[in-house]
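# Analysis of the macromolecular model
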Amino acid sequence: MITFIFFLRRIAFSFVTLIVASIVIFAIIQILPGDPAQLILGMNAQEDTLAALREQMGLNAPFYSRYFEWILGVMVGDFGTSYTYSVPVSELILERLWVSLPLAVMALSLSTLIAIPAGVIAASKHNKLPDVSIMGFTQLGIAIPNFWFAMLLVLVFAIKLQWMPAGGFAGWDVGIGAGILSLALPAIALALPQASILARIMRSALLDVLAEDYMRTARAKGLTERMTLWRHGVRNAFIPVLTILGLQFSFLIAGTIIIENIFYLPGLGRLIFQAIAQRDLIVLQGLVLLLVAAVIFINLLVDAAYAMVDPRIKRAYHE
Amino acid sequence: MSEFDFQGERETWGDLGQKALKNRSFFIGALITGTVLFMALLSFFWTPFDVTELDIGNKLHWPDTTNWLGTDHFGRDVFSMLMVGARNSIAVAIVAVSIGMAIGVPLGAAAAASRSWGSNLIMRTNDFIFAFPSLLLAVLFTAIFGPSAINAMIAIGIFNIPVFARLAHGGSLALWQREFILSAQTSGKSRVRITIEHIMPNLLNILIVQGTIQFSLGILIEAGLSYLGLGTQPPDPSWGKMLSEAQTMMYFASYLAIFPGIAIVFAVLGLNLLGDGLRDIFDPKLRRGR
Amino acid sequence: MKLSKFALRGATALAMLAMAVPALAANNSVTLGMVLEPTHLDPTAGAAAAIDEVVYANLYEGLTRIDSKGVVQPALAKSWTVSGDGLTYTFMLEDGVKFHDGTDFNAEDVVFSLNRARGEDSVNAQKALFKAIDTVVAVDASTVKITLSPSNGSMLFNLGWGDAGLVAPESADGNKADPVGTGPFKFVKWVKGDRIELAKSAAYWGDVVVLDKATFKIISDPAAAFAAMMAGDVDGFPNFPAPENLDQFRADPRFSVVVGSTEGETILSINNAKAPFNNVKVRQAISYAINRQSIIDGAMFGNGTPIGSHFAPHHPAYVDLTGAYAYNPEKARALLAEAGFPDGFDAEIKLPPPSYARRGGEIIAADLKKVGINLKIIPVEWGPWVKDVFTETNYDLTIVSHTEPQDIGIYAREKYYFNYKSDAFKGVMDKLNKTTDTDGRYKLLGEAQQILSDDAVNGFLFQLAKTGVWNAKLKGLWENSPVQANDLTGVSWSE
């Protein structure tokens, strides 16, 4: 029952956040300097031509009516029509999502795949050589800017060794293998700093758990060191790791903005830059809202998972 | 939330100094950070070459005894540019952290002290800003107000506000439960006074540690923004911009892509080690790292 | 360890597979890289050069067309006659022409297209091209008569622009996303942000093209463009964005590097209405202070021809005025002192995104600093640039390439962003409009160039080069770009 009320409150709050966010985003984007109509028609356009296009694009309506038209459309999945491409915004976003989403998933899985074992090894060999060297690597991983790492990857793997493409997206229709290959370097570049942070979290969470009484009990019961570690330790250490994974999603989105530009992947990050440059405001506001909604949603999921695993959180919320 | 367990009474500076000497992270971190700071300060008085002077005829020279780290596509000395770039990176990060602290800490502490609808509003606004991917808003911000180092400082600073507000809020809440605060309350001191006299001094440690980490993040984000052309503007050199300019030239002048990256890693690594060291020194319970 | 080895081997195999596919299909298809993505594919409703770079001569055709040398050639009009007074043009159309959707092309489509382009609610970016047209009448199904008022010597050239492309009433509204023209290629698909695919049109009325398939791949990042060329992801870049990489392509036998000319006069535009730039001595000082060759070397890595006025060096009426303001900082300082600025002054320079502007701006700022003019560099995107600089003329200095062909007439406009006013120049232009004989016209154009140079209206820097890189086996791409186009009709692979 308490869980249920907790979730209702959480969901209501997320919803309010989203509404406020949509207003803020809309307002911010309206003050971007530059006239979309002039950008489409260029320098030689005549004033009457510009006026005709502005009317056609619905740019002459007042602020609030444009906002309501937009947000009511968004609620039924209609994000409007792109100024520059003249196609539905939802179609544009969906097309790009097929690049960005797999990239995010690949980066996230890769970082988890590296980080969990690294964290576990470091914790189980606490203060010994494996621990010290893994921690050293993670320090480095956190300090390396992902765009520089991406440049180095291109230099080594695409230019010198020619193992994989330097950029661009082959397209899923060419084949899943080619698609994954073109996302490989970007995913690695994105995953490295994430993995470093995650490994550190995993390690310290596990060290905390290992010091708990029930671990000693488990060991006393005769379970081997390795079984204790995996059966009890890792499972319990997952709670903080989960939280960080949720937080990282936001960083991941920020990361894709730069990384997609380096590898010229036709994803959401590049669409944002393009929309800013071309003053395709309707695409921009739809995209930003979507990304913010995604972050809010992921945090909601993490909170939910967290609360289910650890009932103490619910109490904290009721205090 | 072990971060907010305040164990025992505050230690004397002497004790802290003793620990600092023994802590390896702190030592290496301080050494690196000191070097970067020194280079940045030195660049105000001396650089091997003038970075505003272009010498097209001398462009793209590989490192040698004259130009220790080579020259860029305008014939400028890369080593000199890195020195001046350090100064710009540090300036942006310092201002951004200061903005975050100056606004975030009072807000968070006030929210913890008052516990009214106002405090709720503050913390909810905080959560709200957190929901925006920071780089995304920084990109929007600079698109609206124009790309410049100042706007990069403000954009990064805005995202430091909720970080410090949360920290100050959580830290203060834990402190408000403590006996010495309760006794101060019974002696009739106002909540504002208690916050200033008792809460703030006790928050100092975690703020310094977080400040160091935000500082290193600030350098990373500034590099990212400059790389995208939204941060420090020419003719001022910046590490991020040097990397973005190197991108088309790294196939025949790879040193252009290597050295600025190393400079960033060096500075960030130093600050992170320093932060870790400080954390260990201030609170031995958290020795095992982040 | 085992796992990672396996993964690597798999990745290499996949990479080889991925490379093998385009190699097999390379004989009759071509993939060209381009920097900017078109906003849509209707050349009659947008100014973006990228639209024409995809559709011109490939998807759409006009009555006339402009060839690789900038000469007017027949297109959908197989011939024409012009009345003695130059007011009536009669076009005879090709027979048996069909649009890509199968509908017939006839004189009514010409009337529709031209009236749509010049009409009241037209959204044509170059509406001014059609200003002289008075009426467009279909005499019969294959004859069109156009009357002008007043006469206009460039009408045949104007009708060859991409903006004068001919479209059908049934499909015109959908052309932005699903272009329907009469050209030798038809539209297949557009993966936004990535590529546009065209295929040979089987029903084409004219000579059948060699290529079966053409893909335009959008690669905006110069570093990525280089990598894509090296990896063979694209067969060529008609306008390669990073001149610093050309030497590497030259060194590689797989590629041809063809540096041609564009119609782009790259200039340091000066706001002539704003003090202190309204003083001709200040402008002349700036001209002396600029080291053109170092800009060409530093910003363009040596690609580009210096210019001394607003005129393309490859045009027969060109007068070489590059010596008028040879680099001379001493003289610049002296002129500034004469103008009342012995210690120089502060000003701003707004730089749009292309690298010639951003890099050139840094060099110019350093040059001007030597004579005491301190420039604050403000990088801007095209949006704010068009608004602040071009429309509202709220600027001191900027750098931009004027890519319209033969556009010296902009200096005679009542309101143009240079804010230049000269009765002498206007007089020459008026005379030019009334002069029809070539020698007379060239003489007047020479005078016009001289006036702009004397007045040092702008800092004239260089003619933008067309830096083309493509596979050495690829034949038939344009060397120069008299109009913005990637005409694929003559492109083929040699064995």
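Cut-offs and rules
- Residues numbered from 1 in each chain as written.
- Chains lettered and ligands numbered in written order.
- Predicted model: local features only at pLDDT ≥ 70, side-chain atom pairs only at ≥ 80, totals over all residues.
- Heavy atoms only, no water.
- Core = buried A, V, L, I, M, F, W, Y, C linked by side-chain atoms within 4.5 Å.
- Buried < 20%, exposed > 50% of the residue type's maximum accessible area, 1.4 Å probe, protein only.
- Helix = DSSP H or I, 4+ residues; strand = E, 2+ residues; numbered from the N terminus.
- Contact = heavy atoms within 4.5 Å.
- pLDDT = per-residue confidence, 0-100.
- Salt bridge = Lys/Arg side-chain N within 4 Å of Asp/Glu carboxyl O.
- Buried area = accessible area lost by both parts, 1.4 Å probe.
- Polar contact = N/O pair within 3.5 Å; in protein donor to acceptor, adjacent residues only side chain to side chain.
- Axes fitted to C-alpha atoms, helices over the stretch in contact; angles between N-to-C directions.
- Left-handed = near helix turned anticlockwise from the far one by under 90°.
- Nonpolar A, V, L, I, M, F, W, Y, C, P; charged D, E, K, R; others polar.
- Parallel < 35°, antiparallel > 145°, perpendicular 65-115°, else oblique.
- Pairing = 2+ DSSP bridges.
- Phe/Tyr/Trp six-rings, centres within 6.5 Å; stacked < 30°, edge-to-face > 60°.
- Lys NZ or Arg CZ within 6 Å of the ring centre and 35° of its normal.
- Lys, Arg positive; Asp, Glu negative; His and termini not counted.
- Patch = residues over 30% accessible without salt bridge, like charges linked within 9 Å, V, L, I, M, F, W, Y side chains within 5 Å.
- Areas by Shrake-Rupley, 256 points an atom, 1.4 Å probe, with all protein chains shown as cover.
- Expected span 1.5 Å × (residues − 1).

### A short note on the nonpolar core
Membership of the largest hydrophobic core comes to 204 residues, with the highest contact counts inside it found for Leu284 of chain A, Trp239 of chain B together with Phe240, Phe249 and Leu488 of chain C. In terms of residues, this core owes the most to one element, helix H3 (residues 78-114) of chain B, which gives 15 residues. Residue contacts for Phe249 of chain C: discarding those within four places in its chain leaves Phe226, Met229, Met230, Phe240, Phe255, Val257 and Val469 of chain C. Grouped together as the second largest cluster of nonpolar side chains are 73 residues, Ile270, Ala317, Tyr417 and Phe462 of chain C included.

### Notes on the confidence of the model for chain A
Residues and elements named next belong to chain A. Chain-level pLDDT for chain A is 81 on average; 89% of the residues reach the 70-or-more range. Ranking the elements of chain A by mean pLDDT puts helix H13 (residues 312-318) last, at 45, and helix H6 (residues 129-143) first, at 90. Scored below 50 in pLDDT, residues 313-319 makes twelve contacts in the model with residues more than four places away or belonging to other chains.

### Observations regarding the pattern of salt bridges
Pairs may arise between side chains of opposite charge once their charged atoms sit close together. The final tally for this structure, using the stated rule, is 26 salt bridges over all chains. Of the charged contacts in the structure, one is a salt bridge between Lys443 of chain C and Glu447 of chain C, with a shortest N-O distance of 3.4 Å. Linking Lys443 of chain C with Glu447 of chain C, this pair stays in helix H13 (residues 438-455), spanning four residues, or about one helical turn. Judged by relative accessible area, Glu447 of chain C falls into the partly exposed class, the value being 30%. Within the structure, one salt-bridge network assembled from shared partners comprises Asp72, Arg76, Lys241 and Glu245 of chain B together with Glu362 of chain C.

### Re the interface of chain C and chain A
With 52 residues of chain C in contact, the opposing surface of chain A contributes 43 residues. By the criterion of area lost to chain A, the three top residues of chain C are Thr39, Val123 and Lys192 of chain C, representing 15% of everything that side buries. Where chain C touches chain A, the interface holds one salt bridge. Here Glu381 of chain C makes a salt bridge to Arg279 of chain A, at a shortest N to O gap of 3.7 Å.

### A word on the interface of chain B and chain A
In this assembly, 36 residues from chain B lie in contact with 46 residues from chain A. The contact between chain B and chain A buries some 3,900 Å² in all, and 78% of this surface belongs to carbon and sulfur atoms. Between Asp276 of chain B and Arg200 of chain A there is a salt bridge, with the nearest N and O atoms lying 3.2 Å from each other. For the pair chain B and chain A, the interface holds three residue pairs in polar contact (both at pLDDT 80 or more).

### What to know about helix H7 (residues 280-289) of chain C
All names here are of chain C. Across the ten residues that make up H7, a large majority, eight, are buried. Listing the buried residues of H7 in full gives Val282, Arg283, Gln284, Ala285, Ile286, Ser287, Tyr288 and Ala289. The backbone nitrogen of Lys281 has a side-chain oxygen 2.9 Å away, supplied by the residue at the start of H7, namely Asn279.

### As for the packing of helix H7 (residues 146-160) of chain A against helix H10 (residues 255-282) of chain B
To characterise two packed helices, one gives the angle between the axes of the helices and the distance between these axes. Contact pair H7 of chain A / H10 of chain B: the axes reach a minimum separation of 10 Å and the direction vectors enclose 145 degrees. H10 of chain B is crossed by H7 of chain A, and the crossing has left-handed handedness. Of the residues in H10 of chain B, those touching H7 of chain A at Trp148, Met151 and Leu152 of chain A are Ala257, Ile258, Gly261, Ile262 and Val265 of chain B. For the contact of H7 of chain A with H10 of chain B, a count of residues per class yields seven nonpolar, one polar and no charged.

### With respect to the confidence of the model for chain C
As a general rule, the predicted coordinates of low-pLDDT regions are not to be interpreted in detail. Residues and elements named next belong to chain C. Here chain C shows a mean pLDDT of 88. Residues at 70 or above account for 94%. Low pLDDT (under 50) marks residues 1-26, which in the prediction has twelve contacts with non-local residues, meaning those over four places away or in another chain. Predicted as a complex, the structure gets a pTM of 0.82 and an ipTM equal to 0.84.

### Some thoughts on the packing of helix H9 (residues 239-246) of chain B against H10 of chain B
Residues and elements named next belong to chain B. Contact pair H9 / H10: the axes reach a minimum separation of 8 Å and the direction vectors enclose 155 degrees. Judged by the angle between their axes, H9 and H10 are roughly antiparallel. For the pair H9 and H10, the crossing hand works out as left-handed. On the side of H9, the interface is formed by Trp239, Met242, Leu243 and Ala246, while H10 contributes Leu256, Ala257, Pro260, Gly261, Ala263, Ile264 and Ala267. Partitioning the contact of H9 with H10 into residue classes produces ten nonpolar, one polar and no charged.

### Focus: the sheet that holds strand E4 (residues 77-82) of chain C
All names here are of chain C. Spatial ordering of the open sheet is given by E4-E5-E7-E6, a layout of four strands whose pairing is antiparallel. Two strands in the sheet have a free side with no partner beyond their single neighbour: E4 and strand E6 (133-140). Each strand of the sheet is rotated relative to its neighbour by a mean of 20 degrees, with strand direction disregarded. Of the strand pairs in this sheet, strand E5 (residues 88-93) and strand E7 (residues 143-148) are connected by five bridges, and their pairing is antiparallel. Within E7, the residue paired with Thr90 across the bridge is Lys145. Its contacts with the sheet place helix H3 (residues 107-118) against E5, E6 and E7, and it is angled at close to 165 degrees to E6.

### Observations regarding the pairing of strand E10 (residues 213-218) of chain C
Residue and element names in this part refer to chain C. Here E10 lies mainly inside the structure; five of its six residues are buried. Relative to E10, strand E1 (residues 29-34) is paired through six bridges, and the arrangement is parallel. Along E10, the bridge assignment pairs Val30 with Ala214. Pairing of strand E9 (residues 195-200) with E10, which is carried by five bridges, proceeds in the antiparallel orientation. When the sheet's bridge partners are listed, Arg195 is paired in E10 with Lys217.

### So, the packing of aromatic side chains
All told, the structure shown has 34 aromatic pairs over all chains when counted by the stated rule. Taken together, the ring pairs in this structure connect Trp385, Phe390, Tyr395, Tyr411, Tyr416, Tyr417, Phe418, Tyr420 and Phe425 of chain C into an aromatic cluster. Taking NZ or CZ as reference, Arg124 of chain B lies 4.7 Å from the ring centre of Phe13 of chain A, over its face.

### Points about unusual backbone geometry
If a residue is not glycine, its phi is most likely negative; likewise, a peptide bond is most likely trans. The amide bond that connects Pro234 of chain B to the next residue, Pro235 of chain B, takes the cis arrangement and shows omega of 10 degrees. The backbone of Leu60 of chain B sits at a positive phi, close to 55 degrees, despite the residue not being glycine. In this fold, Leu60 of chain B is placed in the loop between helix H2 (24-45) and H3. Phi is positive for Asn419 of chain C, which is not a glycine, with a value near 55 degrees. With respect to the helices and strands, Asn419 of chain C occurs in the loop between strand E16 (397-402) and helix H12 (423-434). For Asn419 of chain C, a relative accessible area of 19% translates into the label buried.

### Let's talk about the environment of Ile281 of chain B
Residue and element names in this part refer to chain B. Mapped onto the elements, Ile281 comes out in helix H10. Residue Ile281 is classed as buried on the basis of its relative accessible area of 4%. In the structure, Ile281 is positioned 204 residues away from Asp77 in sequence and 40 Å away in space, judged by C-alpha atoms.

### A few points about the environment of Pro240 of chain A
Residue and element names in this part refer to chain A. In this structure, Pro240 sits in helix H10 (residues 225-262). When the C-alpha atoms of Pro240 and Val154 are compared, they prove to be 34 Å apart, with 86 residues separating the residues in sequence. Apart from the residues lying within four places of it in its own chain, the contact partners of Pro240 are Ile201 and Ala205.

### Thoughts on the side chain of Arg359 of chain C
Among the structural elements, Arg359 of chain C can be located in helix H10 (residues 355-370). Within the structure, the side chain of Arg359 of chain C is placed 2.8 Å from the side chain of Glu244 of chain C, a separation counted as a polar contact.

### Describing the side chain of Asp367 of chain C
Residue and element names in this part refer to chain C. The residue Asp367 is located in helix H10 in this model. Within the buried set, Asp367 has no salt-bridge partner at all; the shortest N-O distance to an opposite charge, 4.0 Å, is to Lys370. In terms of polar contacts, Asp367 uses its side chain to reach the backbone amide nitrogen of Asn291, at 3.1 Å.

### Describing a nonpolar patch on the surface
Residues and elements named next belong to chain A. A cluster of nonpolar side chains, namely Phe63, Tyr64, Phe68, Leu72, Met75 and Val76, defines an oily patch on the protein surface of about 700 Å² accessible area. Here Met75 is to be found in helix H4 (residues 63-75). According to the relative accessible area criterion, Met75 is exposed, its value standing at 54%.

### Side note on helix H6 (residues 149-176) of chain B
The end-to-end C-alpha distance of H6 of chain B is 39 Å, a good match for the 40 Å that 28 residues give at a rise of 1.5 Å each. Among the 28 residues in H6 of chain B, 21 count as buried, and that is most of the element.

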